[in-house]
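# Results of the structural survey
Here is how the chains run, residue by residue.
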Amino acid sequence: MRIITLNCNGIRSAAGKGFFEWLAGQQADIVCLQETKSQEHQRGREFRPQGWHCHYVDAVRPGYSGVAILSKREPDAVVTALGAGFEDMDAEGRYLEARFGA
């Protein structure tokens, strides 16, 4: 299994610099992205490439932080928040967990 993590410093900027072309050649099973810095309405289909299960968590504040997990296999569960007591952090879009297997 190959897992890659990347601080993309803005997924839209990274896409413009060839991120998705690079991704296609990586033979990765899971790619974790930090600092996506976008909102759902700003991402078109190109941000959900065919063959990948894509999960994004955006910060409440536009243009700030955000994380994503792209995986070849669909996760059994996806957790998008730390929960009670961490609401401030959850609003920043910094936590995303994908669970695979029992």
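Nothing here was measured: the structure is a model prediction, and the numbers come from that model.

To continue, consider the overall build of the protein chain. Within the protein chain, the regular secondary structure consists of three helices and six strands. Taken from the N to the C terminus, the helices and strands of the protein chain come in the order β-α-α-β-β-β-β-α-β. For the protein chain, whose C-alpha radius of gyration is 13 Å, the value lies close to the compact-globule estimate of 13 Å for 102 residues. With the C-alpha coordinates of the protein chain rotated into their principal frame, the extents come out at 40 × 35 × 20 Å.

Our next topic: the sheet that holds strand β1 (residues 3-7). Each strand in a sheet pairs with its neighbour through backbone hydrogen bonds, running either in the same direction (parallel) or in the opposite one (antiparallel). In spatial order, the strands read β1-β2-β4-β3; together these four strands make up an open sheet with mixed pairing. At either end of the open sheet lies a strand with only one pairing partner, and these are β1 and β3 (53-57). Here the average twist between neighbouring strands, direction ignored, is 10°.

Here the structure, examined in full by the defined rule, presents seven salt bridges. Arginine 43 is the salt-bridge partner of aspartate 58, the closest N and O atoms lying 2.9 Å from each other. Residue aspartate 58 is located in the loop between β3 and β4 (67-71), and its partner arginine 43 is located in the loop between β2 (30-34) and β3; the two are separated by 15 residues in the primary sequence. For the pair formed by aspartate 58 and arginine 43, the shared burial category is buried. A salt bridge links glutamate 97 to arginine 99; the nearest nitrogen and oxygen atoms lie 2.6 Å apart.

So, about the pairing of β4. The buried count for β4 comes to five of five residues, which makes it a mostly enclosed element. Of the two faces of β4, the one holding Val67, Ile69 and Ser71 and the one holding Ala68 and Leu70 are both buried throughout. Pairing analysis gives five bridges linking β3 to β4, with the strands arranged antiparallel. The residue of β4 that forms the bridge with histidine 55 is isoleucine 69.

Turning next to the packing of aromatic side chains. Summed over all chains, the structure comprises three aromatic pairs. Relative to phenylalanine 20, the ring of phenylalanine 19 lies with its centre 4.8 Å away and its plane at 75°, an arrangement referred to as edge-to-face. Phenylalanine 20 shares its class with phenylalanine 19; the two are buried. When the centroid spacing of 5.8 Å and the interplanar angle of 80° are considered together, the rings of phenylalanine 20 and phenylalanine 47 count as edge-to-face. Placement of phenylalanine 20 in helix α2 (residues 19-24) and of phenylalanine 47 in the loop between β2 and β3 is noted, with a sequence separation of 27 residues between them. What makes phenylalanine 20 buried here is its relative accessible area of 15%. Each residue in the set Phe19, Phe20, Trp22 and Phe47 is aromatic and connected to the rest through ring pairs, giving one cluster.

Thresholds applied
The numbering scheme is per chain: residues are counted from 1 as the chain's sequence reads. The predicted nature of this model means local features are confined to residues of pLDDT at least 70 and side-chain atom pairs, given and counted, to a pLDDT of 80 or more, with totals for whole chains, interfaces and linings taken over all residues. Processing note: side-chain calculations cover all non-hydrogen atoms of the structure and skip hydrogens and water entirely. Where helices and strands are cited, they refer to DSSP runs of H or I of at least four residues and of E of at least two residues respectively, numbered from the N terminus. The reference for a compact globule is 2.2 Å times residues^0.38; the radius of gyration itself is calculated from the C-alpha atoms. Note: two strands are recorded as paired if DSSP finds a minimum of 2 bridges between them. Helix axes are fitted only over the stretch in contact, all axes being lines through C-alpha atoms; the angle between N-to-C directions runs from 0 to 180 degrees. One speaks of a salt bridge when a side-chain nitrogen belonging to Lys or Arg is within 4 Å of a carboxyl oxygen belonging to Asp or Glu. For the exposure calls, accessible area comes from a 1.4 Å probe over protein chains only, and a residue counts as buried if that area is under 20% of its type's maximum, exposed if over 50%, partly exposed in between. Each aromatic pair joins two rings of Phe, Tyr and Trp (for Trp, the six-membered one) with centres within 6.5 Å, and gets the label stacked for planes under 30 degrees apart, edge-to-face for over 60, and tilted for any other angle.

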